[in-house]
Amino acid sequence: LESGSDSKVICKDTLQKGLSCTMSDEKMRISGVTGENNISERGVNIPFTYDSLKFETVLFPVDRGSAFDDLESKTGVRIDVILGTPFMVAYKYIIDFNELKVKIK
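Residues numbered from 1 in each chain as written. Predicted model: local features only at pLDDT ≥ 70, side-chain atom pairs only at ≥ 80, totals over all residues. Heavy atoms only, no water.

*Asks:* Could you clarify how one ought to interpret the overall build of the protein chain in this entry?
*Replies:* The helix and strand inventory of the protein chain stands at three helices and nine strands. Secondary structure elements of the protein chain occur, N-terminal to C-terminal, as β-α-β-β-β-β-β-α-β-α-β-β. Burial status across the protein chain gives 29% buried among its 105 residues. As displayed, the protein chain has an accessible area near 7,200 Å², and 52% of this comes from carbon and sulfur atoms. (Helix = DSSP H or I, 4+ residues; strand = E, 2+ residues; numbered from the N terminus. Buried < 20%, exposed > 50% of the residue type's maximum accessible area, 1.4 Å probe, protein only. Areas by Shrake-Rupley, 256 points an atom, 1.4 Å probe, with all protein chains shown as cover.)

This is the structure we're talking about:
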């Protein structure tokens, strides 16, 4: 989850791993941390389950690029998907900064 992102993106190389998805007609303008502005390819609709909760959202394919690679080199964590503010709003996520927890309303 990325509270500062207005996008929902997935790395193209992650899509090539055979995830179950369907094409969407949605496109979006993506501004990355590198300052680049791009119009995305068509989105992909991906259903997934996390902690017994079912979700379905449109994610926009992006190249892994310098933003993801930089985060991985600094943290050691490989990031494949960013679920931004639109996802959190749609599923009523609440970020509790006092308890450092993310909750679903």
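This is not the end of the story, as more comes after the structure.
*Asks:* Would you mind showing me how to read the environment of Val58 here?
*Replies:* Positionally, Val58 belongs in strand β6 (residues 53–62). Looking at Val58, the relative accessible area reads 10%, which means it is buried. Between the C-alpha atom of Val58 and that of Glu26, which follows or precedes it by 32 residues, the distance is 8.0 Å. Apart from the residues within four sequence positions on either side, Val58 is in contact with Lys8, Ser24, Glu26, Gly43, Val44 and Asn45. (Contact = heavy atoms within 4.5 Å.)

*Asks:* I keep staring at the pairing of strand β8 (residues 93–96) and nothing clicks. Help me out?
*Replies:* Consecutive residues of a regular strand have side chains that alternate between opposite faces of the sheet. Here β8 runs beside strand β9 (residues 101–104); their pairing, made up of four bridges, is antiparallel. Directly across from Ile95, in β9, lies its bridge partner Val102. Counting the residues that bridge the hairpin from β8 to β9 gives four residues, and of these Leu100 lies at a positive phi of roughly 55 degrees. (Pairing = 2+ DSSP bridges.)

*Asks:* Would you take a moment to explain the pattern of salt bridges for this structure?
*Replies:* Taken as a whole and assessed by the stated rule, the structure comprises ten salt bridges. Measuring nitrogen to oxygen at the nearest pair gives 3.2 Å for the salt bridge that ties Lys74 to Asp70. One end of the pair, Lys74, and the other, Asp70, are both in helix α2 (residues 65–75), four residues apart, so they sit about a helical turn from each other. Taking the relative accessible area as the measure of exposure, Asp70 reaches 35% and is therefore partly exposed. Among the salt bridges present, the one from Arg78 reaches Glu72, with a minimum N-O distance of 4.0 Å. Because the salt bridges share partners, they merge into one network encompassing Asp13, Arg64, Glu72, Arg78 and Asp80. (Salt bridge = Lys/Arg side-chain N within 4 Å of Asp/Glu carboxyl O.)

*Asks:* Can you walk me through a nonpolar patch on the surface in this structure?
*Replies:* The grouping of Leu1, Ile95, Phe97 and Val102 at the surface amounts to a nonpolar patch, some 390 Å² of accessible area in total. Looking at where Val102 falls in the secondary structure, it is placed in strand β9. (Patch = residues over 30% accessible without salt bridge, like charges linked within 9 Å, V, L, I, M, F, W, Y side chains within 5 Å.)

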